[in-house]
Amino acid sequence: MTEPLLEISQFKLHFHTDKGVVKAVDGVDITVGEGEVVGLVGESGCGKSVTSLSVMGLVPQPPGKVAGGSIRLAGKDLTRLGRKEWRKVRGNEVSMIFQEPMTSLNPVFTIGNQMVEAIRQHRKLDKKEARRLAAETLREVGISREGILDEYPHQLSGGMRQRVMIAMAMVCRPKLLIADEPTTALDVTIQAQILDLMRRLNEETGTAILMITHDLGVVAEMCERVVVMYAGQVVEQADIQTLFRDPRHPYTQGLLKSIPKLDKRTDRLYSIPGNVPNPRSMPQGCRFAPRCEFAMDICREKEPGLFTLGENRVSRCWLEEEKKEDADRGTTTVHS
Amino acid sequence: MAQPQSILDVRNLKKYFPIRGGVFGRKVGEVKAVDNVSFSVNKGETLGIVGESGCGKSTTGRTILRLEEPTSGEVQFEGKNLVRLKGEEMRRMRRELQMVFQDPFASLNPRKTAGEIIEEPLQVHGIGSAKERKEQVKELLRVVGLDAFHAGRYPHQFSGGQRQRIGIARALAVKPKLIVADEPVSALDVSIQSQVLNLLEDLQEKFDLTYLFIAHDLSVVRHISDRVGVMYLGRMVELADRDGLYENPLHPYTQALLSAVPVPDPETKRERIILSGDVPSPSNPPKGCAFHTRCPHVMDVCREVRPEFKEHGDGHFAACHLLEK
């Protein structure tokens, strides 16, 4: 196994609001190896975006507060960095692309302007050299048209803007790229172009990608390993084939069953009953228990830990405790 | 089996939006949002319309209900041409045709309670006494899977899925025959999306509804539709029954669209057609076939002549020069 590039362990991030504490991220463990593409899946409000913003140091504190755990990038604990140190890490070692490329680009500056500014933050280059580097990076992401550097964001289409964002993120050759729903705002045919581009960059530059998405189709096509989150916690983790073939956590199972398939049609879709719990009042015991069809007494009383089910494979479910009695498997309760 | 009876016939529908410019706001061009679209919807079926953003699928839905005035063309609903109806006649007609909108956050008035929102169409159409209406609202809430006590709550107190249920209850209130659903599940999470899709199917069976289901998600459309139409740049490029379209797509655009959808199964490896470039601007659509700028099989004739939208066997319509040979 490769040395993990990113190691999030037992990370907790809470928001202190007037109405109480929101435990947006509550004890999350995620690792990303060098050059690896890892998917982070979950529904709105599960904490996947807050987790990724924490890796970039972009969660405003207050109201956010790191309540425990650590985020290590290439051995450095990011939770302890000061403002100045963050500037060296952000964009240089880890960078991020967002869902809506229009809101992440500044509308009053040209593309060239914005890229040169970003480059010169990190590299000692004069304006001319930085401009040349910007044009070169744009060519790498498939924009070769003359004069692109002098255009404004509104002159570009959604797909082009996302390409520009990727170029900006990749210009300093970061070790890790965090992609937060990078194709959600795009049309299918454009999505295919962008996914293809990201896959190519990963292969050519060796940049690891943490892909945050709610689309299991995108995960299946892009990632080697998947982490599933629910209500601020990791509920299952596995390599891609295993997760789709044999999902263990009832939430993952429900999620996979509830998506309509393109190649075969079922008469009725499965649906997980109920709604995601309110983060201010999490249910006692397992957070998924009120919606789970296999819920047992213990699920409503005691919170399950992560059960290890083999290399790189975990599930947060009491059912594993039952299964353990049959097979001799080592279990570790990381969090209770 | 009885011959399918069409409930809605759309003939050569056009909707052009003017582009105004200059000091006097003169018309300097037009956006051909819907450009000569024809199709019909059979009673009790679900016709899905798919396409990428800007292809005119939403405008088609809105123009049918005359939320936008069509530039030309006919919309026959049960034998009546909706385009010709005058204000009051059209208003009464809307009892038969209702709409469910995409954004459950923007389409509900935040200052009204769920009960008031659902009751409003009943009031507008003068149905029942105040007391009967209250009863009906409770019944509607139950039908869409909410509780009677939810009537007193405001939209912000509901989750996205629940809000969409309120939007559906509002559409159902006047007992319509046809519902135009414009991206009704695209703002929802996967687990909630399947709940709403199932609800729509149940309601269709229970109330004998006909749906025009507009969406960009091809898997969702396959799940819910009996027949599917594909739009590109204001034009219908292919229309067929569900399996015919998904298993045997004739138009190169449909083929590319289907191959571009990421499949949630890491073990299937598919041939992928990645289209280069973007959708051209509808204010200046390409001459000839609108798709020729991105088509992998483009021929000379495609750049000059607009292909005719016609039947290629068994209710499978497509507009492509390749099929002429």
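Because the structure is predicted, anything quoted here is derived from the model rather than measured.

Engineer: Tell me what's going on with the overall build of chain A, and back it up with residues and numbers.
Structural biologist: Broken down by element type, chain A carries twelve helices and twelve strands. A compact globule built from 336 residues would reach a C-alpha radius of gyration of about 20 Å, and chain A, at 21 Å, matches this within 12%. C-alpha atoms of chain A, sized along the principal axes, occupy 65 × 50 × 45 Å. The 336 residues of chain A split such that 53% are buried. Contacts in chain A between residues at least 24 apart in sequence constitute 64% of all its contacts with a sequence separation of at least 6.

Engineer: How would you summarise the nonpolar core if you had to cite specific residues and measurements?
Structural biologist: Core analysis: the largest hydrophobic core is formed by 70 residues, its most contacted members being A:Leu138, A:Ile166, A:Met198 and A:Met211. For this core, the element with the highest residue contribution is helix α6 (residues 158-170) of chain A, accounting for seven residues. One finds B:Val196, B:Ile224, B:Val228 and B:Cys295 within the second-largest nonpolar core, a separate group that totals 66 residues.

Engineer: Explain helix α9 (residues 252-260) of chain B to me, using residue names and the numbers behind them.
Structural biologist: Judged by how many residues are buried, α9(B) sits mostly within the fold: eight of nine residues are covered. Listed as buried for α9(B) are B:Pro252, B:Tyr253, B:Thr254, B:Ala256, B:Leu257, B:Leu258, B:Ser259 and B:Ala260. On the buried face of α9(B), the contacting elements are α7 (188-205) of chain A together with α7 (218-224), β9 (227-232), β10 (235-241) and α8 (242-247) of chain B.

Engineer: Which residues make up the sheet that holds strand β1 (residues 6-21) of chain B, and what values go with them?
Structural biologist: Strand pairs in the sheet, formed through backbone hydrogen bonds, run parallel or antiparallel to each other. Residues and elements named next belong to chain B. The sheet built from four strands is open, its strands ordered β2-β1-β4-β5 with antiparallel pairing. If you trace the sheet from one side to the other, it starts and ends with β2 (26-42) and β5 (80-81), each paired once. Both β1 and strand β4 (residues 72-77) contribute to a ladder of five bridges, which runs antiparallel. The residue of β4 that forms the bridge with Leu-8 is Phe-77. Each of β1, β2 and β4 touches helix α1 (residues 57-64); the most contacted strand, β1, lies at about 110° to it.

Engineer: Break down the UniProt feature "domain: ABC transporter" (unreviewed entry) in chain A for me, with residues and values.
Structural biologist: If you check UniProt for "domain: ABC transporter" (unreviewed entry), the listed places come out as residues 8-256 of chain A in our numbering. A distance of 26 Å separates the end C-alpha atoms of residues 8-256 of chain A, which is 39% helix and 28% strand.

Engineer: With reference to specific residues and values, describe the side chain of A:Glu93.
Structural biologist: Residues and elements named next belong to chain A. Position of Glu-93 relative to the elements: it lies in the loop between α2 (83-89) and β6 (94-97). A distance of 3.2 Å separates polar atoms of two side chains, one belonging to Glu-93 and the other to Lys-76. Not counting residues within four places of it along the chain, the set of residues in contact with Glu-93 comprises Leu-73, Lys-76, Lys-88, Pro-174, Lys-175 and Leu-176.

Engineer: Account for the interface of chain A and chain B, with residues named and values stated.
Structural biologist: Tallying the contact residues gives 44 residues for chain A and 40 residues for chain B. Buried surface at the junction of chain A and chain B, summed over both partners, amounts to about 3,600 Å²; 53% is from carbon and sulfur atoms. When the buried surface of chain A facing chain B is broken down by residue, A:Thr189, A:Leu262 and A:Arg265 rank first, second and third, together holding 21% of it. Across the contact surface, chain A and chain B share three salt bridges. Note that A:Glu221 and B:Arg272 form a salt bridge whose closest N and O atoms lie 2.8 Å from each other. Summed over the shared surface of chain A and chain B, the number is 14 residue pairs in polar contact (both at pLDDT 80 or more). If you list the elements that add at least two residues to the side of chain A that touches chain B, you get α7, α8 (216-222), α9 (240-245) and α10 (250-258) of chain A.

Engineer: How would you sum up unusual backbone geometry? Please name residues and give values.
Structural biologist: Residue and element names in this part refer to chain B. Unlike most non-glycine residues, Lys-175 shows phi in positive territory, near 55°. Here Glu-183, not a glycine, exhibits a phi torsion of approximately 50°, which is positive. Within the secondary structure, Glu-183 is located in the loop between β7 (178-182) and α6 (190-207). With a relative accessible area of 7%, Glu-183 lands in the buried category.

Engineer: Tell me about the packing of helix α4 (residues 111-122) of chain A against α6(A), and name the residues and values.
Structural biologist: Residue and element names in this part refer to chain A. Contact geometry for α4 and α6: axes closest at 10 Å, N-to-C directions at 20°. On the basis of the axis angle, α4 is roughly parallel to α6. Seen from above, α4 lies across α6 with right-handed handedness. For the pair α4 and α6, contact is made by Ile-111, Gln-114, Met-115 and Ala-118 and by Val-164, Ala-167 and Met-168, respectively. By residue class, the composition of the contact of α4 with α6 is six nonpolar, one polar and no charged.

Engineer: Residue-level account of the packing of aromatic side chains, with values.
Structural biologist: Taken as a whole, this structure holds eight aromatic pairs over all chains when the rule is applied. Geometrically, the ring pair formed by A:Tyr230 and A:Phe288 is edge-to-face, given 5.2 Å between the ring centres and 85° between the ring planes. You can see A:Tyr230 sitting in strand β9 (residues 225-230) and its partner A:Phe288 sitting in the loop between α10 and α11 (297-301), a full 58 residues away along the chain. A:Phe288 carries the same exposure label as A:Tyr230, and that label is buried. Ring geometry for B:Tyr232 and B:Phe291: centres 5.1 Å apart, planes at 85°, overall edge-to-face. Separated by 59 residues along the polypeptide, B:Tyr232 in strand β9 and B:Phe291 in the loop between α9 and α10 (300-304) bring together distant segments of the chain.

Engineer: Give me the lowdown on the environment of A:Glu203, citing residues and values where you can.
Structural biologist: Relative to the helices and strands, A:Glu203 resides in helix α7. A sequence separation of 142 residues divides A:Glu203 from A:Gln61, and the C-alpha atoms of the two residues are 36 Å apart.

Calculation notes
Residues numbered from 1 in each chain as written. Chains lettered and ligands numbered in written order. Predicted model: local features only at pLDDT ≥ 70, side-chain atom pairs only at ≥ 80, totals over all residues. Heavy atoms only, no water. Helix = DSSP H or I, 4+ residues; strand = E, 2+ residues; numbered from the N terminus. Rg over C-alpha atoms; globule rule 2.2 N^0.38 Å. Buried < 20%, exposed > 50% of the residue type's maximum accessible area, 1.4 Å probe, protein only. Contact = heavy atoms within 4.5 Å. Core = buried A, V, L, I, M, F, W, Y, C linked by side-chain atoms within 4.5 Å. Pairing = 2+ DSSP bridges. Axes fitted to C-alpha atoms, helices over the stretch in contact; angles between N-to-C directions. UniProt positions renumbered as here; feature names shortened; annotations may be inferred. Polar contact = N/O pair within 3.5 Å; in protein donor to acceptor, adjacent residues only side chain to side chain. Buried area = accessible area lost by both parts, 1.4 Å probe. Salt bridge = Lys/Arg side-chain N within 4 Å of Asp/Glu carboxyl O. Parallel < 35°, antiparallel > 145°, perpendicular 65-115°, else oblique. Left-handed = near helix turned anticlockwise from the far one by under 90°. Nonpolar A, V, L, I, M, F, W, Y, C, P; charged D, E, K, R; others polar. Phe/Tyr/Trp six-rings, centres within 6.5 Å; stacked < 30°, edge-to-face > 60°.

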